[in-house]
Amino acid sequence: MVKDLESEIEIMEEWLRCIQQVIQFPFYTKVTEWQDDTSIVQEGDLLKVHAIGDIDDKYGIIANTRFGRKKLYFPLCELEAIDLSDIEKNVLQDYAVWFANK
């Protein structure tokens, strides 16, 4: 599947399709990466992911999340699912590893 795709954007679009097919929304995640001190979200905070859909060259797949009552857009690769099945978690982990090594 992925070997036939030529550009990183095409591969990310395929990841997006795969994630949307496998994952049940909404789900809770934990921020796994260090964030700037000025950010309202910090490493270890919990976010609720309601949807994904946008792709950014620099940040990859962008998740539509909530932090309390605030709506945030956050890179999916910086989030760790905490209430999904093992299969769903593995898909997100595989994407994060691919993105980190692209």
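So, here's what we can say about the structure. (Residues numbered from 1 in each chain as written. Predicted model: local features only at pLDDT ≥ 70, side-chain atom pairs only at ≥ 80, totals over all residues. Heavy atoms only, no water.)

A word on the packing of aromatic side chains
In this description, a pair of aromatic rings is defined by centroid distance and the angle of the planes.
Now for step 1: Applying the stated criterion to the full structure yields six aromatic pairs.
Now for step 2: The interplanar angle of 40 degrees and the centroid separation of 6.4 Å between the aromatic rings of Trp15 and Trp98 together place this pair among those described as tilted. Of this pair, Trp15 sits in helix H1 (residues 8-22) while Trp98 is found in helix H2 (residues 86-101), placing the two residues 83 residues apart along the sequence.
Now for step 3: With a centroid separation of 6.0 Å and 35 degrees between ring planes, the pair formed by Tyr95 and Phe99 is classed as tilted. Within this pair, Tyr95 and its partner Phe99 are both found in helix H2, separated by four residues, close to a single helical turn. You'll find Tyr95 and Phe99 in the same group, each marked buried.
Now for step 4: An aromatic cluster is defined as three or more aromatic residues linked by ring pairs; in this entry it consists of Trp15, Tyr95, Trp98 and Phe99. (Phe/Tyr/Trp six-rings, centres within 6.5 Å; stacked < 30°, edge-to-face > 60°. Helix = DSSP H or I, 4+ residues; strand = E, 2+ residues; numbered from the N terminus. Buried < 20%, exposed > 50% of the residue type's maximum accessible area, 1.4 Å probe, protein only.)

Overview of the sheet that holds strand S3 (residues 60-67)
Now for step 1: Across the sheet, which stays open at both edges, the five strands sit in the order S4-S3-S2-S1-S5 with antiparallel pairing between neighbours. Each edge of the sheet is formed by a strand with only one pairing partner; in this case those strands are strand S4 (70-75) and strand S5 (79-81). In this sheet, adjacent strand axes meet at a mean angle of 45 degrees when their direction is disregarded.
Now for step 2: Helix-sheet contacts for H1 involve strand S2 (46-56) and S3, and the interaxial angle to S2 is about 140 degrees.
Now for step 3: Along the sheet, H2 contacts strand S1 (27-31), S3 and S5; its crossing angle with S3, the most-contacted strand, is approximately 125 degrees. (Pairing = 2+ DSSP bridges. Axes fitted to C-alpha atoms, helices over the stretch in contact; angles between N-to-C directions. Contact = heavy atoms within 4.5 Å.)

Focus: unusual backbone geometry
Now for step 1: The omega angle of the peptide bond from Phe25 to Pro26 is -5 degrees, so this bond is cis rather than trans.
Now for step 2: Within the fold, Pro26 resides in the loop between H1 and S1.

As for a nonpolar patch on the surface
Now for step 1: Taken together, Tyr28, Leu46 and Ile82 make up a surface patch of nonpolar side chains, about 270 Å² in accessible area.
Now for step 2: Inspection of the secondary structure assignment puts Tyr28 in strand S1. (Patch = residues over 30% accessible without salt bridge, like charges linked within 9 Å, V, L, I, M, F, W, Y side chains within 5 Å. Areas by Shrake-Rupley, 256 points an atom, 1.4 Å probe, with all protein chains shown as cover. Salt bridge = Lys/Arg side-chain N within 4 Å of Asp/Glu carboxyl O.)

What is shown is where atoms sit, not what they do.
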